[in-house]
Amino acid sequence: MTATTAVRTLSETELVDLVRRVAADRSCWEQHVDFTGAQRHWAKIEVPEGVDVWVISWQTFQSTDLHSHGDATAAFAAVQGTITEIRVDDLGRLMPRKFSPGVVQVVRPGEIHDVRNEVVEPAVTIHAYSPRLTEMYYYNWHNRTVTLDRIERSDGAQAREW
């Protein structure tokens, strides 16, 4: 896939379709899969839509921590293995949901979640963000209460460190 310089905000439907298209095209993400490090591995994939798309390789027990994506809408899907998304419900409980290949999950601006690999087999996911991901909010959870821990901002070049 070739990138263009045009940047626009995609609708949720367009973002989901983009994740499905990238997930279905192993040739655009397979070479980025890497399970050798102690941290999850991520690589940016250039797409014509001009939004952020990342392929992430997850070993067992790797996670993102509770976070939200600033003003970006996100969509993600497993393309290999099973991934767990954790969200906080209205009662302050951490609620897990497992995703196997074929299901795309949307995360709207301000929604707090964690993504993790809780199984022995490695996993691979595709994540897309629109508009481009420029800030991440990280949260602590204690006694059914979520509090903001920190905000990290980036011009996009450092987003891979999130």
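Procedures and definitions
Residues numbered from 1 in each chain as written. Predicted model: local features only at pLDDT ≥ 70, side-chain atom pairs only at ≥ 80, totals over all residues. Heavy atoms only, no water. Helix = DSSP H or I, 4+ residues; strand = E, 2+ residues; numbered from the N terminus. Rg over C-alpha atoms; globule rule 2.2 N^0.38 Å. Buried < 20%, exposed > 50% of the residue type's maximum accessible area, 1.4 Å probe, protein only. Contact = heavy atoms within 4.5 Å. Pairing = 2+ DSSP bridges. Axes fitted to C-alpha atoms, helices over the stretch in contact; angles between N-to-C directions. Polar contact = N/O pair within 3.5 Å; in protein donor to acceptor, adjacent residues only side chain to side chain. pLDDT = per-residue confidence, 0-100. Salt bridge = Lys/Arg side-chain N within 4 Å of Asp/Glu carboxyl O. Phe/Tyr/Trp six-rings, centres within 6.5 Å; stacked < 30°, edge-to-face > 60°. Lys NZ or Arg CZ within 6 Å of the ring centre and 35° of its normal.

### Focus: the overall build of the protein
The secondary structure content of the protein amounts to two helices and eleven strands. Along the protein, from the amino end to the carboxyl end, the secondary structure elements read α-α-β-β-β-β-β-β-β-β-β-β-β. Relative to its length of 162 residues, the protein is compact, with a C-alpha radius of gyration of 15 Å against a globular reference of 15 Å. Seen through its principal axes, the protein has C-alpha atoms that stretch 45 × 35 × 25 Å. Going through the 162 residues of the protein one by one, you find that 43% of them count as buried. Partitioning the intrachain contacts of the protein with sequence separation of at least 6 by distance along the chain shows that 69% fall at a separation of at least 24.

### Concerning the sheet that holds strand 9 (residues 123-130)
Spatially, five strands are ordered 1-2-9-4-7 in an open sheet, and the strand pairing comes out antiparallel. Only two strands of the sheet have a single neighbouring strand rather than two, namely strand 1 (41-44) and strand 7 (104-107). Ignoring which end each strand starts from, the neighbouring axes of this sheet average 20° apart. Both strand 1 and strand 2 (residues 52-58) contribute to a ladder of four bridges, which runs antiparallel. Across the sheet, residue Trp42 finds its bridge partner in strand 2, namely Ile56. Along the sheet, helix 1 (residues 12-24) makes contact with strand 2, strand 4 (73-80), strand 7 and strand 9, crossing strand 4 at roughly 25°.

### Topic: the environment of Asp114
Tracing the backbone shows Asp114 in strand 8 (residues 113-116). A relative accessible area of 2% places Asp114 in the buried class. A distance of 2.9 Å separates the side chain of Asp114 from the side chain of Thr64, its partner in a polar contact. At 2.9 Å, the side chain of Asp114 forms a polar contact with the backbone nitrogen of Asp65.

### A look at the confidence of the model for the protein
The pLDDT averaged across the protein works out to 91; a share of 91% of its residues lies at or above 70. Across residues 1-5 the pLDDT falls below 50, and counting only partners more than four positions away or on other chains, this stretch makes 14 contacts in the model.

### Here we look at the pattern of salt bridges
Here the structure, examined in full by the defined rule, presents 15 salt bridges. The residue Arg21 makes a salt bridge to Glu49 at a minimum N-O spacing of 2.8 Å. Separated by 28 residues along the polypeptide, Arg21 in helix 1 and Glu49 in the loop between strand 1 and strand 2 bring together distant segments of the chain. Here Arg21 falls in the partly exposed class, since its relative accessible area comes to 35%. Note that Asp52 is salt-bridged to Lys44, the shortest N-O span being 2.9 Å. Members of the salt-bridge network, linked through shared partners, are Glu12, Glu85, Arg87, Arg108 and Glu111.

### Points about the packing of aromatic side chains
Within this structure, the stated rule accounts for one aromatic pair. With centroids separated by 5.6 Å and ring planes inclined at 70°, the aromatic side chains of Phe76 and Phe99 adopt a geometry described as edge-to-face. One end of the pair, Phe76, is in strand 4; the other, Phe99, is in strand 6 (residues 94-99), and 23 residues separate them in sequence. Here Phe76 matches Phe99 in class, with each residue buried. Note that Arg150 overlies the ring of Tyr138, its terminal NZ or CZ placed 4.1 Å from the centroid.

### Observations regarding the pairing of strand 6
Consecutive side chains along a regular strand alternate between the two faces of the sheet. The sheet contact formed by strand 5 (residues 83-88) and strand 6 spans six bridges and is antiparallel. Within strand 6, the position partnered with Arg87 by the bridge is Met95. With antiparallel pairing between neighbouring strands as the criterion, strand 5 and strand 6 make up a hairpin whose turn holds five residues, including Gly92 at a positive phi of roughly 85°.

### Focus on the side chain of His127
Within the fold, His127 resides in strand 9. A polar side-chain atom of His127 sits 2.7 Å from a polar atom in the side chain of Thr125.

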